[in-house]
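# Architecture and fold: a report
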Amino acid sequence: MAKISGEAFAGASGAGTDPARPAWLADEIAAVHHLGTQIAVVVGGGNYVRGRQAESWGIERAEADEIGMLGTVMNALMLRGALTSRGAAEVRVMTAVAMQGIAEPFVRLRADRHLRAGRIVLLAGGTGQPYVTADYAAVQRALELSADALLVAKRGVDGVYDRDPRTHPGARRYAHLTYREAIARKLTVMDATAFVLAGEQGLLMHVFDVAAAGAMAAICEGRDLGTRITA
Ligand code: UDP
């Protein structure tokens, strides 16, 4: 299972979609699939809207969250388009909010069947509920689909560091962390509630740089890239 944030779809501004990005992501996902690994991807939508921006627009949080969930669907459809045009594999987009005519509703056992049949599954709409994020959906889906690991794509950073590497040149990357250490050191890996759930359930998480070519496939092959987080 992989989690790809909306920012991975955006150009330099961090907003909207840069057409080269879904194409890049599709190649990375196809490389994992090519290994014979079952792959599902939870797609974020932060390049369009984040629910916490609601206040600045003067709208209700739940409303902004619904718009945010639709953003995740747009990203997933772009990714489906890019994957399909490569002829990589059959692709299914499954959404947590019904999008009849565009995508299938998420049904755990059906997602499982698609994966077993060798299809790439793109999961959109987050959890379908407000006040949570696509990170939470990624952990939840990884658990309910019994994923071996959750690969967390980051942009501009190749793992978890002791300090922000963008502002601290001497920052050190952790090759391995436990959930307990990450929480005690206040290291921000993802949305805190999602991270706590992953820790409670002992989900293997692997943080990597989405801009590093072949990183996802290399991790699936057992290469020790980025940061591995374990129970
Ligand atoms: N969202 C939500 N429920 C979910 C997943 C997402 O309400 O289960 C909304 C939330 O407003 C979030 C936005 O969709 O800010 C975009 O998703 P997110 O910010 O998690 O995407 P990412 O940061 O991964 O791009």
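Residues numbered from 1 in each chain as written. Predicted model: local features only at pLDDT ≥ 70, side-chain atom pairs only at ≥ 80, totals over all residues.

### Some words on the pairing of strand 11 (residues 227–230)
Pairing geometry for strand 9 (residues 176–178) and strand 11, over three bridges, is parallel. Bridging from a neighbouring strand, His176 pairs with Arg228 of strand 11. Examined bridge by bridge, strand 10 (residues 205–209) and strand 11 share three bridges and lie antiparallel to one another. Residue pairing across strands places Val207 opposite Thr227, the latter belonging to strand 11. (Pairing = 2+ DSSP bridges. Helix = DSSP H or I, 4+ residues; strand = E, 2+ residues; numbered from the N terminus.)

### Here's the deal with the packing of helix 5 (residues 134–144) against helix 7 (residues 192–201)
The relative placement of two packed helices is expressed as an angle between their axes plus a distance between the axes. Relative to each other, helix 5 and helix 7 sit at 20 degrees, their axes nearing to 8 Å. When the interaxial angle is binned, helix 5 and helix 7 end up roughly parallel. Crossing of helix 5 against helix 7: the hand is left-handed. On helix 7, the residues touching Asp135, Tyr136, Ala138, Val139 and Leu143 of helix 5 are Thr193, Ala194, Leu197, Ala198 and Gln201. When the residues that make up the contact of helix 5 with helix 7 are grouped by side-chain class, the tally is seven nonpolar, two polar and one charged. (Axes fitted to C-alpha atoms, helices over the stretch in contact; angles between N-to-C directions. Parallel < 35°, antiparallel > 145°, perpendicular 65-115°, else oblique. Left-handed = near helix turned anticlockwise from the far one by under 90°. Contact = placed C-beta atoms within 7 Å. Nonpolar A, V, L, I, M, F, W, Y, C, P; charged D, E, K, R; others polar.)

### Quick look at the site of the ligand
The environment of the ligand is made up of 24 residues, and the closest members are Gly44, Gly46, Gly51, Gly68 and Gly126. Those elements that provide at least two residues to the shell around the ligand are helix 3 (61–86) and helix 5. Of the residues forming the shell around the ligand, the biggest block, six residues, is contributed by helix 3. Grouping the amino acids of the shell around the ligand by side-chain chemistry returns seven nonpolar, 13 polar and four charged. (Near = placed C-beta within 6 Å.)

### Observations regarding the packing of helix 1 (residues 20–34) against helix 3
At a minimum axis distance of 8 Å, the contact between helix 1 and helix 3 shows a crossing angle of 60 degrees. Between helix 1 and helix 3, the angle falls in the class oblique. The crossing of helix 1 and helix 3 is right-handed. For the pair helix 1 and helix 3, contact is made by Pro22, Ala23, Leu25, Ala26, Ile29 and Ala30 and by Met78, Leu79, Ala82, Leu83 and Arg86, respectively. By residue class, the composition of the contact of helix 1 with helix 3 is ten nonpolar, no polar and one charged.

### Some points on the environment of Gln100
Mapped onto the elements of the fold, Gln100 is located in the loop between strand 3 (91–95) and strand 4 (104–105). The spacing of Gln100 and Thr17 is 83 residues in sequence and 24 Å in space, taken between C-alpha atoms.

### Examining the environment of Glu221
Secondary-structure assignment places Glu221 in the loop between helix 8 (215–220) and strand 11. Measuring from C-alpha to C-alpha, the distance between Glu221 and Phe195 comes to 24 Å, with 26 residues separating the pair along the chain.

### Looking at the sheet that holds strand 9
Pairing in this open sheet of nine strands is mixed, and the strands run 4-3-5-2-1-6-10-11-9 from one edge to the other. The outermost strands of the open sheet, each flanked by one partner alone, are strand 4 and strand 9. Both strand 1 (residues 2–4) and strand 2 (residues 40–43) contribute to a ladder of three bridges, which runs parallel. The partner of Lys3 across the bridge, within strand 2, is Val42.

### Brief notes about the confidence of the model for the chain
Taken as a whole, the chain shows an average pLDDT of 96; of its residues, 100% reach a score of 70 or greater. Among the prediction metrics, the complex's ipTM stands at 0.98, with pTM recorded as 0.97. (pLDDT = per-residue confidence, 0-100.)

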